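Each chain is listed here by its residues.
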Amino acid sequence: MRITQGAPGARVLAFGHYQPANVVTNDELAKTIDTSDEWIRSRVGIVERRLASAGETEIDLAVQAGGKAMATSGLSADDFDLVIVATCTMETQIPNAAAQVADRLGIQAPGAFDVNAACAGFCYALAAANDAVRAGSATNVLVVGTEKFSNWLDWTDRSTAVIFADGAGAAVVGASDTPGIGPVAWGSAGDKSDAIIIRGRDSFLQQEGQTVFRWATTALYPAALAACERAGVDPSELSAFVPHQANLRIIEAIARKLGAEKAVVARDIVHAGNTSAASIPLALSRMIERGEVESGGLALLFGFGAGLTYAGQVIEIP
Ligand code: UT7
């Protein structure tokens, strides 16, 4: 047997994102649900979110975001040999999203698989892409986080309906001479698997909000720090911290403990809601677009959610 030689390093070459056109404010939700703009802003931090139209699927969102990341990378469809889609809201159990996304983007016969680690999914998928390029299993990888959460919400349940939203973000990962993606720090807490759950095909998302809130604000900080340590980066060197956009209070709590004084902290939840596996690439892509972070700076990505699962890594911003 011969071991194929991989690349010395892998890096994110470009990000892209897509949000559905339909903006839904808290006041609009309060017309049909017993809630208020004040409660949602103060408890979760959301001002507005985007919801896909009836005919717009999570595949459509992924194709839009993936196409933008591909265009920004300067690579063509022929350059890709692996597509990974992180999602937990597919309408169909079979087929997966990745093969369909690849086909719609003109990528011929790539390896194609989905990752379901819920809101941590993008960081798991990015780790798989990094390892694939470094091991020589792939040359260029399209990694997409996409969710149409609106399909899986009980629109009479105020504890979830005001939080989750739709959107997609994508990254292109390719080979490089020096590493631009640090080793992943990942883990899970399967003893809390009931805390965020869709029990079956006829049910909706249910969440024990306080259980997840306590876990996220107390147990996760060491894993975020471990991601920095594994990359040999001190939090003071980070120019951006991009955690999963679950709740502004959770984001602030982890950021405070991390003590990354220089880092711009992603607060995309304010205008995008919680888009689960899409939230990290969506937030960072929008920060890059607005010029809030500089190319070459170090960003800590950190996802967490159902499973319960978590994962994070430091990347060099493209
Ligand atoms: O992305 C996946 C990972 N998920 C998370 O990280 C979620 C973590 N959890 C959270 O973000 C928060 O727990 C929530 C935002 C889900 C809830 O916030 P909370 O501060 O923990 O509220 P709570 O569940 O303790 O509810 C407090 C009160 C309750 O009323 P009573 O019993 O005190 O009278 C709820 O019934 O707020 C009520 N409530 C609402 N009121 C107005 C719950 N949802 C709403 C609402 N509008 N939408």
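Details of the structure are given in the entry above.
Residues numbered from 1 in each chain as written. Predicted model: local features only at pLDDT ≥ 70, side-chain atom pairs only at ≥ 80, totals over all residues. Heavy atoms only, no water.

### Looking at the sheet that holds strand S7 (residues 166–176)
No. 1: Taking strand neighbours across the sheet as the criterion, the 5 strands line up as S1-S7-S6-S4-S5 in an open arrangement whose pairing is mixed. Bordering the open sheet on either side are strand S1 (9–18) and strand S5 (111–115), each of which pairs with just one other strand. Ignoring which end each strand starts from, the neighbouring axes of this sheet average 20° apart.
No. 2: Relative to strand S6 (residues 140–148), strand S4 (residues 82–86) runs parallel, the two sharing 5 bridges. Looking across to S6, one finds that Ala86 is bridged to Gly145.
No. 3: In this fold helix H3 (residues 58–73) packs onto S1, S6 and S7, with an angle of close to 125° to the strand it touches most, S1. (Pairing = 2+ DSSP bridges. Helix = DSSP H or I, 4+ residues; strand = E, 2+ residues; numbered from the N terminus. Axes fitted to C-alpha atoms, helices over the stretch in contact; angles between N-to-C directions. Contact = heavy atoms within 4.5 Å.)

### Details of the site of the ligand
No. 1: Near the ligand you find 24 residues, and of these Thr35, Arg43, Gln210, Asn247 and Asn274 are the closest.
No. 2: The side chain of Arg43 places a nitrogen or oxygen atom 2.8 Å from an oxygen atom of the ligand.
No. 3: In the model, an oxygen atom of the ligand is placed 2.7 Å from a nitrogen or oxygen of the Asn274 side chain.
No. 4: Coverage of the ligand by the protein amounts to 74% of the 960 Å² it exposes when considered alone.
No. 5: Counting residues per element, the ones that place at least two in the shell around the ligand are helix H2 (37–43), helix H6 (158–161), helix H7 (209–218) and helix H9 (248–258).
No. 6: When residues in the shell around the ligand are grouped by element, the largest group, 4 residues, is from H7.
No. 7: Grouping the constituent residues of the shell around the ligand by class yields 12 nonpolar, 8 polar and 4 charged.
No. 8: When residues of the shell around the ligand are sorted by domain, at least three fall in each of domain 1 (9–176) and domain 2 (185–316). (Near = heavy atom within 4 Å. Polar contact = N/O pair within 3.5 Å; in protein donor to acceptor, adjacent residues only side chain to side chain. Areas by Shrake-Rupley, 256 points an atom, 1.4 Å probe, with all protein chains shown as cover. Nonpolar A, V, L, I, M, F, W, Y, C, P; charged D, E, K, R; others polar. Domains from an automatic or database assignment.)

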